[in-house]
Amino acid sequence: TARNILGLILFTALALRVIAAVGLTHRLEQNGQDFLIAGDAQGYWELGQHIAAGEPYAILGQTDDPLAKASIPRRVPRMPGFPALLGLVIRLGGDNLLMARLVLAVVGTLACYLVYLLGCRLHGPPVGLTAAAACALSPTLVGFSVLVLSETLFAVLLLTWLLGIVSLGRPDSDIDQRPRLSAATWTGLAGCAAVYVRPGWLVALPLLGLLWIVISNRRRRAT
């Protein structure tokens, strides 16, 4: 059945991502590294540590000015969504990069499930299963899911937002049992959460919302 196939796909997705998380952590430790992409990942991790410890949301930057302090706090042009997730992981499991990557493996698996739901709502279960399998097995997505970067979390929030838009625009009683007001609420919350992970989405949200209103009005006039 479709449910059994979906379970196998999600299990495979999680297993591949867990293997990638363990393998990447082991390889980096052998090389004396903490992160594969040190710049962005290190910054996110440090901010997560500050959040976990209840410290100011800032990074200590080095300066060569002899009249200035050796380390000065600088404001961070990064949204706090992803560091907040890292902060929660650090608060619960300590400064354990493997634990963080395993949590991101779960987040990446959740993205595969959301892809399945989106495919089902647009074109039916066969498309949903095919799309979920492609995401589960993609080497790029498997590897990227366990990097300490914000893209995987953003993808989950973006998919959640898209599911809400589809539910509002094409309600299906067999798939979406939630009231439209409830769907509109979690769609808006998902969109706002996505902005807190990737600020560039702030520009897209009002434009896509306006486009959805225009399309909805045209459909009403057509009917």
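Everything here concerns the structure above.
A few points on the structure. Computed from a prediction, not measured in an experiment: that's the story for all the values here.

Things to note about the overall build of the protein chain
Alright, step 1. Per the secondary structure count, the protein chain includes nine helices and two strands.
Alright, step 2. When the 223 residues of the protein chain are sorted by exposure, 39% land in the buried category.
Alright, step 3. In the protein chain, the proportion of contacts linking residues at least 24 apart, taken out of those at least 6 apart, comes to 67%.
Alright, step 4. Accessible area for the protein chain stands at about 12900 Å²; split by element, carbon and sulfur atoms hold 65% of it.

Notes on a nonpolar patch on the surface
Alright, step 1. Taken together, L14, V18, V22 and V106 make up a surface patch of nonpolar side chains, about 270 Å² in accessible area.
Alright, step 2. In terms of residues, the nonpolar patch owes the most to one element, helix α1 (residues 2-30), which gives three residues.
Alright, step 3. V106 sits in the partly exposed class, given a relative accessible area of 48%.

Let's talk about the layout of surface pockets
Alright, step 1. The calculated volume of the second largest pocket comes to roughly 170 Å³.
Alright, step 2. Considering the residues around the second largest pocket, the lining is formed by 13 residues, among which A111, L141, S145, T152 and A155 are closest to the centre.
Alright, step 3. Within the residue set of the lining of the second largest pocket, elements represented by two or more residues are α4 (97-123), α6 (139-145) and α7 (151-169).
Alright, step 4. Its residues assigned to classes, the lining of the second largest pocket shows eight nonpolar, three polar and two charged.

Notes on the pattern of salt bridges
Alright, step 1. Evaluation of the coordinates by the stated rule reveals two salt bridges.
Alright, step 2. Residues D40 and R78 are paired through a salt bridge, measuring 3.0 Å at the closest nitrogen-oxygen approach. With D40 in helix α2 (residues 38-53) and R78 in the loop between β2 (71-75) and α3 (81-93), this pair connects stretches of sequence that are 38 residues apart.
Alright, step 3. The class for D40 is partly exposed, based on a relative accessible area of 39%.

A closer look at the side chain of T187
Alright, step 1. Checked against the element boundaries, T187 lands in helix α8 (residues 180-197).
Alright, step 2. Owing to a relative accessible area of 4%, T187 belongs among the buried residues under this scheme.
Alright, step 3. Setting aside anything within four residues of it in sequence, one finds T187 in contact with W161, G164, I165 and L168.

A closer look at the packing of aromatic side chains
We describe a pair of aromatic rings using the distance from one ring centre to the other and the angle between the two ring planes.
Alright, step 1. Enumeration over the complete set of coordinates arrives at five aromatic pairs.
Alright, step 2. Summarising the aromatic geometry, the rings of F154 and W201 are spaced 6.0 Å apart at their centres and angled 80 degrees between planes, so their arrangement reads as edge-to-face. Highlighted residues: F154 in helix α7 and W201 in helix α9 (residues 201-222), separated in sequence by 47 residues.
Alright, step 3. Relative to W201, the ring of W161 has its centre 5.5 Å away and its plane inclined at 90 degrees; by these criteria the two rings are edge-to-face. Separated by 40 residues along the polypeptide, W161 in helix α7 and W201 in helix α9 bring together distant segments of the chain.
Alright, step 4. W201 sits in the buried class, given a relative accessible area of 13%.
Alright, step 5. One aromatic cluster in this structure is built from F154, W161 and W201.
Alright, step 6. Geometry around Y44 places R78 over its ring, the cationic atom sitting 4.8 Å from the centre.

Side note on the nonpolar core
Alright, step 1. Counting residues in hydrophobic clusters, the biggest one holds 32 residues, and the most contacted among them are F35, W45, F82, L86, V148, L153 and W201.
Alright, step 2. Contributing elements (two or more residues each) for this core: α1, α2, α3, α4, α7, α8 and α9.
Alright, step 3. Among the elements that line this core, the one with the most residues is α3, at five residues.
Alright, step 4. With residues near it in sequence (within four places) discarded, W201 still touches F154, L158, W161, G191, A194, V195 and L208.
Alright, step 5. Counting 20 residues, the second-largest nonpolar core is a separate cluster that includes C112, V115, C120 and A132.

About the criteria used
- Residues numbered from 1 in each chain as written.
- Predicted model: local features only at pLDDT ≥ 70, side-chain atom pairs only at ≥ 80, totals over all residues.
- Heavy atoms only, no water.
- Helix = DSSP H or I, 4+ residues; strand = E, 2+ residues; numbered from the N terminus.
- Buried < 20%, exposed > 50% of the residue type's maximum accessible area, 1.4 Å probe, protein only.
- Contact = heavy atoms within 4.5 Å.
- Areas by Shrake-Rupley, 256 points an atom, 1.4 Å probe, with all protein chains shown as cover.
- Patch = residues over 30% accessible without salt bridge, like charges linked within 9 Å, V, L, I, M, F, W, Y side chains within 5 Å.
- Salt bridge = Lys/Arg side-chain N within 4 Å of Asp/Glu carboxyl O.
- 1 Å grid on protein atoms, 1.4 Å probe; cavity = no way out; pocket = protein on both sides within 12 Å on 5 of 7 lines; lining within 4 Å.
- Points joined across faces, edges and corners; volume = space filled by probe spheres on them.
- Nonpolar A, V, L, I, M, F, W, Y, C, P; charged D, E, K, R; others polar.
- Phe/Tyr/Trp six-rings, centres within 6.5 Å; stacked < 30°, edge-to-face > 60°.
- Lys NZ or Arg CZ within 6 Å of the ring centre and 35° of its normal.
- Core = buried A, V, L, I, M, F, W, Y, C linked by side-chain atoms within 4.5 Å.

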